[in-house]
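# Close look at the chain arrangement
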Amino acid sequence: MADEKRKIRIATCSLAGCFGCHTSMLDIDERLFDLLKMVEFDRTPFTDIKHCGPCDIGIVEGGVSNAENARVLREFRENCKVLVAIGPCAITGNVPALRNNIDLWDCFQEVYLYDPGTEGKQIPNDSELPLPFDKVYPIYEVVKVDYFLHGCPPPAEAIWKFLTDLIQGKEPEIDYELLRYD
Ligand code: SF4
């Protein structure tokens, strides 16, 4: 994948995630400077780019819990040659998917109407808000995914190895010690 004439272009996004996977990316610390010699960033929470353009690698944190998540995910799939699900929220739905066993309307009533700390007692219904889905979906149920990187979040070392393998055009290989599921 490495091309001497241009840098690898990477996009990242957080759907129904907690930004922990992105924080773990930043935990590669000073190697961020090495990374920036090899890549340039398209849409990510670290840039001000609003839409994903043509990219080599798309990294998706978080599952799909509403219509906006699905729109962003489809945009990533259309524009990224390789799409990576990072962390179990993207891979399985993870903790947000615990709501899958609860009726969505019951969830909303509990949070917005019944909770004693809630002010206003109104379920938000502004048309600006994305429509929530009845369930939280892993991203592979919405688009094709090329790679899955486990760990909640994956350790920074695993992210570094995974990314540098991909950037160098190699099939990513993660050592057993770096494979985490928690
Ligand atoms: S996988 Fe874990 S760290 Fe990553 S977004 Fe989900 S909860 Fe956060």
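Residues numbered from 1 in each chain as written. Predicted model: local features only at pLDDT ≥ 70, side-chain atom pairs only at ≥ 80, totals over all residues. Heavy atoms only, no water.

Per an unreviewed UniProt entry, the protein goes by the name NAD-reducing hydrogenase small subunit and belongs to Nitrosospira multiformis.

### Points about the site of the ligand
Here is the rule we go by: In this text, near means that some heavy atom of the residue lies within 4 Å of the molecule or strand in question. Strands here mean DSSP runs of E at least two residues long; helices mean DSSP runs of H or I at least four residues long; both are numbered from the N terminus.
Neighbouring residues of the ligand: Gly17, Cys18, Gly20, Cys21, Glu61, Gly87, Pro88, Cys89, Asn94, Cys152 and Pro153. Breaking the shell around the ligand down by element, the ones donating at least two residues are α1 (20–26) and α4 (88–92).

### Things to note about the pattern of salt bridges
We apply this condition: Salt bridges are identified by distance alone: a Lys or Arg side-chain nitrogen within 4 Å of an Asp or Glu carboxyl oxygen.
Under the criterion given, the structure shown has 13 salt bridges. Lysine 161 is paired through a salt bridge with aspartate 165; the nearest N and O atoms lie 2.7 Å apart. One end of the pair is lysine 161 and the other is aspartate 165, both in helix α6 (residues 156–167) and 4 residues apart, which spans about a single turn. Salt bridges here are not isolated pairs; linked through shared partners, they connect Arg6, Asp56 and Lys81.

### Concerning a negative patch on the surface
Selection rule: The patches reported here contain residues having more than 30% relative accessible area and no salt bridge. Joining distances are 9 Å for like charges and 5 Å for nonpolar side chains (Val, Leu, Ile, Met, Phe, Trp, Tyr). Note on areas: Shrake-Rupley, 1.4 Å probe, and residue coverage restricted to the protein chains presented here. Note on charges: Lys and Arg go in the positive column, Asp and Glu in the negative column, and His and the chain ends are not counted at all. By convention, the charge on Lys lies at NZ, on Arg at CZ, on Asp at CG and on Glu at CD. Each residue is placed in one exposure class: buried if its accessible area under a 1.4 Å probe, protein chains only, is under 20% of its type's maximum, exposed if it is over 50%, and partly exposed if it falls in between.
A surface patch of negative charge is lined by Asp103, Asp106, Glu110 and Asp115. Its place among the elements puts aspartate 103 in the loop between α4 and α5 (104–114). Take aspartate 103: its relative accessible area is 43%, and that puts it in the partly exposed class.

### Considerations on the nonpolar core
Keep this limit in mind: We call a set of buried residues a nonpolar core when its members are Ala, Val, Leu, Ile, Met, Phe, Trp, Tyr or Cys and they connect through side-chain atoms within 4.5 Å of each other.
Counting 21 residues, the largest nonpolar core has Ile57, Ile59 and Val84 as its most contacted members. Elements supplying a minimum of two residues to this core: β1 (8–14), α1, β3 (55–61), β5 (80–86), β7 (147–149) and α6. When residues of this core are assigned to their parent elements, the largest contribution, 7 residues, is made by α6. Counting residues in hydrophobic clusters, the runner-up holds 19 residues, among them Val60, Phe76, Ile91 and Val143.

### A few points about the packing of aromatic side chains
Heads up, the condition is: Here a pair means two rings of Phe, Tyr or Trp (six-membered ring of Trp) with centres within 6.5 Å. Their orientation is stacked below 30 degrees between planes, edge-to-face above 60, and tilted elsewhere.
Scanning the entire structure with this criterion turns up 4 aromatic pairs. Both rings, one in tyrosine 147 and one in phenylalanine 162, keep their centres 5.8 Å apart while their planes meet at 85°; by these two values the pair is edge-to-face. Within this pair, whereas tyrosine 147 is found in strand β7, its partner phenylalanine 162 is found in helix α6, the two being separated by 15 residues in sequence. Residue class for tyrosine 147 comes out buried when judged on its relative accessible area of 19%. Given a relative accessible area of 6%, phenylalanine 162 falls into the buried group.

### Side note on the UniProt feature "domain: NADH:ubiquinone oxidoreductase-like 20kDa subunit" (unreviewed entry) in the protein
Applied cut-off: UniProt positions are given in the numbering used here, feature names are shortened, and annotations may be inferred rather than shown by experiment.
If you check UniProt for "domain: NADH:ubiquinone oxidoreductase-like 20kDa subunit" (unreviewed entry), the listed places come out as residues 18–165 in our numbering. From the first C-alpha to the last, residues 18–165 spans 26 Å; its make-up is 36% helix and 20% strand.

### Concerning the environment of arginine 77
We apply this condition: In what follows, residue pairs with any heavy atoms lying within 4.5 Å of each other are defined as contacts. Here a polar contact means two N or O atoms within 3.5 Å. Within protein one must be a hydrogen donor candidate and the other an acceptor candidate, and residues neighboring in sequence count only if both atoms are side-chain atoms.
You can see arginine 77 is positioned in helix α3 (residues 67–79). Along the primary structure arginine 77 and lysine 144 are separated by 67 residues, whereas in three dimensions their C-alpha atoms are 7.6 Å apart. Other than its neighbours up to four places away in sequence, arginine 77 contacts Val82, Leu83, Val143, Lys144, Val145 and Asp146. Polar contacts involving the side chain of arginine 77 include one to the side chain of aspartate 146, which spans 3.1 Å.

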